[in-house]
Amino acid sequence: MGLGVQNMSRTYQTTIPSRSEMHRIIRTAFDRGLTFYDAAEAYGPHEVERILGEGVAPFRNEIVIATKFGWNIDLETGARGPGLNSRPDHVKRVVEGMLKRLRTDRIDLLYQHRVDPQVPIEDVAGAIQDLMTQGKVLHWGLSEMGPQTLRRAHAALPVTAVQNEYSMLWRGPEQDILPLCEELGIGFVPWSPLGVGFLTGAIDENTRFAAGDIRGIETRFSPENLPRNLSLVRLIETWAERKHTTPARIALAWLMAQKPWIVPIPGTTQMAHMLDNIGAADVGFDDGELQELNAALAKVTIQGERLPPAVLAFSGVEAPVK
Ligand SMILES: NC(=O)c1ccc[n+]([C@@H]2O[C@H](COP(=O)([O-])OP(=O)(O)OC[C@H]3O[C@@H](n4cnc5c(N)ncnc54)[C@H](OP(=O)(O)O)[C@@H]3O)[C@@H](O)[C@H]2O)c1
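Calculation rules
- Residues numbered from 1 in each chain as written.
- Predicted model: local features only at pLDDT ≥ 70, side-chain atom pairs only at ≥ 80, totals over all residues.
- Helix = DSSP H or I, 4+ residues; strand = E, 2+ residues; numbered from the N terminus.
- Buried ≥ 20, exposed ≤ 12 C-beta atoms within 10 Å, placed from the backbone.
- Contact = placed C-beta atoms within 7 Å.
- Near = placed C-beta within 6 Å.
- Nonpolar A, V, L, I, M, F, W, Y, C, P; charged D, E, K, R; others polar.
- UniProt positions renumbered as here; feature names shortened; annotations may be inferred.
- Pairing = 2+ DSSP bridges.
- Core = buried A, V, L, I, M, F, W, Y, C linked by C-beta atoms within 7 Å.
- Right-handed = clockwise from strand over helix to strand, strands pointing away.
- Axes fitted to C-alpha atoms, helices over the stretch in contact; angles between N-to-C directions.
- Left-handed = near helix turned anticlockwise from the far one by under 90°.
- Expected span 1.5 Å × (residues − 1).
- Arc of directions from axis to C-beta.

Q: Looking at this structure, I do not really get the overall build of the chain. What am I missing?
A: Tallying secondary structure elements over the chain gives 11 helices and nine strands in all. Based on the C-alpha atoms only, the size of the chain along its principal axes is roughly 50 × 45 × 40 Å. Here the chain holds 322 residues, and the buried ones make up 40% of them. Put simply, of all contacts in the chain between residues at least 6 apart along the chain, 79% involve residues at least 24 apart.

Q: What is the right way to read the site of the ligand from this model?
A: Contacts to the ligand come from 29 residues, most closely from Gly4, Gln6, Leu194, Gly197 and Gly267. A class-by-class count of the residues in the shell around the ligand yields 10 nonpolar, 16 polar and three charged.

Q: How do you make sense of the UniProt feature "domain: NADP-dependent oxidoreductase" (unreviewed entry) in the chain when you look at a structure like this?
A: In the numbering adopted here, UniProt assigns the feature "domain: NADP-dependent oxidoreductase" (unreviewed entry) to residues 2-296. Overall, residues 2-296 shows 39% helix and 14% strand. The separation of its end C-alpha atoms is 27 Å.

Q: Hey, could you run me through the environment of Trp261 in this one?
A: Within the secondary structure layout, Trp261 lies in the loop between α8 (247-258) and α9 (271-278). For the pair Trp261 and Thr246, spaced 15 residues apart in sequence, the C-alpha separation works out to 23 Å. Discounting chain neighbours no more than four positions away, the residues touching Trp261 are Gly187 and Phe188.

Q: What exactly am I supposed to notice about the pairing of strand β9 (residues 187-191) here?
A: Across a regular strand the side chains alternate sides, sitting on one face of the sheet and then on the other. Counting buried residues in β9 gives four out of five residues, a clear majority hidden from the surface. Sheet analysis places strand β8 (residues 161-165) next to β9, joined by five bridges and oriented parallel. When the sheet's bridge partners are listed, Glu165 is paired in β9 with Trp191.

Q: Which parts of the structure should I look at to understand the nonpolar core?
A: One recurring pattern in soluble globular proteins: nonpolar side chains tend to sit buried together. Within the largest apolar cluster, 83 residues are counted, with the highest numbers of intra-cluster contacts made by Leu52, Leu199 and Ala251. Counting residues per element, this core draws most heavily on α8, which supplies seven residues. Excluding anything up to four places from it in sequence, Leu52 contacts Val5, Ile26, Tyr37, Ala39 and Leu102.

Q: So what exactly am I meant to see when it comes to the pairing of β8 here?
A: Across the five residues of β8, four count as buried, placing the element largely inside the fold. Here three bridges tie strand β7 (residues 137-143) to β8, and the two strands are oriented parallel to one another. Across the sheet, the residue bridging to Leu142 is Val162, located in β8. Where the polypeptide runs from β7 across helix α5 (residues 147-156) and back to β8, its parallel neighbour, the crossover connection is right-handed.

Q: Before we go on, may I ask you to explain the sheet that holds β9 in this structure?
A: Backbone hydrogen bonds are what pair the strands of a sheet, in a parallel or an antiparallel way. Judged by pairing direction, the sheet is parallel, and its seven strands sit side by side in the order β1-β2-β3-β6-β7-β8-β9 without closing on themselves. Lying at the two open borders of the sheet, with one neighbouring strand each, are β1 (3-4) and β9.

Q: Sorry if this is basic, but what is going on with the packing of helix α3 (residues 88-101) against helix α4 (residues 121-133) here?
A: Angle between the axes and distance between the axes: these two values describe a pair of packed helices. α4 packs onto α3 with a crossing angle of 40° between their chain directions and a minimal axis gap of 9 Å. The two elements α3 and α4 meet at a crossing, and its hand is right-handed. Only Asp123, Val124, Gly126, Ala127, Asp130 and Leu131 of α4 make contact with α3, whose side of the interface consists of Pro88, Val91, Lys92 and Val95. Among the residues forming the contact of α3 with α4, the class breakdown is six nonpolar, one polar and three charged.

Q: Is there a simple way to explain helix α1 (residues 19-31) in this structure?
A: Structural remark: α-helix, 3.6 residues per turn; residues separated by three or four positions point the same way. Under the 1.5 Å per step criterion, the end-to-end length of α1 is 19 Å for 13 residues, consistent within 8% with the ideal 18 Å. Of all the residues in α1, the buried ones are Met22, Ile25, Ile26 and Ala29. The arc enclosing the buried residues of α1, seen along the axis, measures out at 95°, which places them on a common side. α1 presents Ser20 and Asp31 as exposed residues on the side facing more than 90 degrees away from its buried surface. Taken together, the buried residues of α1 touch β1, α2 (47-56) and α9. Directly after α1, the chain includes Gly33, whose backbone phi takes a positive value near 105°.

Q: Sorry, what's going on with unusual backbone geometry here?
A: Negative phi values dominate among residues other than glycine, just as trans dominates among peptide bonds. The omega angle of the peptide bond from Gly44 to Pro45 is -25°, so this bond is cis rather than trans. Within the element layout of this structure, Pro45 appears in the loop between β2 (36-38) and α2. Of note in this structure, His46 is not a glycine but carries a positive phi near 80°. Secondary-structure assignment places His46 in the loop between β2 and α2. Residue His46 is classed as buried on the basis of its 22 C-beta neighbours within 10 Å. Phi at His244 takes a positive value of approximately 55°, unusual for a residue other than glycine. One can find His244 in the loop between α7 (226-242) and α8. What makes His244 exposed here is the crowd of 7 C-beta atoms within 10 Å.

What follows is the structure, given as structure tokens:
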């Protein structure tokens, strides 16, 4: 299991966490055996990579750092422009900034955050190949790409991991992306593995979201849909009780039980939550339990969309042909 550090400069609720406490969470996770950290240029932007670089400095050589490029972000100021930018010259300059912020000489796993509809994926692969030749990038991956783009990317330069949303709340990748990863021998990293907090029981029918919290514009959490979708949380809570564990651990252990090459990256800004999540590694399901849980899950229908339309439009995109 990994640790998602996206919210360490600003939480979903729009509060700003204590920097020293974020370092402490990053370091305690390592002390507990966690060695996989997930960041992105876009988080902050830039600031989360700095927090992660500071946090892991004492043990940088013993861990895997994953980060992502692809949004149109000013290289110097971190100001966000509209849309995406995966032009090869830009990607190379983005990586230089990442190395400085992360206080390292190489990025273990570099993802394209979203497919750029202006840039053939073969050109992106070419830029990554050059960065690999220089030793600045060790492995690459894609996030929320169209399936044909994944095939083409893998043919151009072997892909190590795909990062897509996947959880008991959103099971879309089971249709085509997980079978494709299995076929091509690519690892899968589920983002929002706790359903952006929903699967932990931290959200109920009375929850309303702060202005600026993206969950407030996801219709799966609308006041109309929340009460119905909570049947999933009730199911998870029943299993947590039965297995003498917590709902978060059930949600993460279920993901890890799907395939040995699935590695969730729960995100948190709270020490207690990190310790809760990391304990999922000790929760297992035998075949009978998994069948029973999956049968119960199959009866749950989630109402509403996983993302607002303007954000969803960046997912499943196929890169142009070269
Ligand atoms: N590739 C992409 O496009 C993409 C998109 C989104 C996310 N990601 C990556 O995936 C990581 C995780 O995703 P995510 O943060 O969106 O969603 P998540 O891991 O499903 O859930 C995070 C939310 O749950 C809360 N939480 C975490 N552990 C908890 C626990 N044990 N009990 C109660 N609440 C808990 C967190 O709040 P507290 O801080 O209060 O714990 C936070 O609000 C991110 O950090 C990022 O690295 C990637």
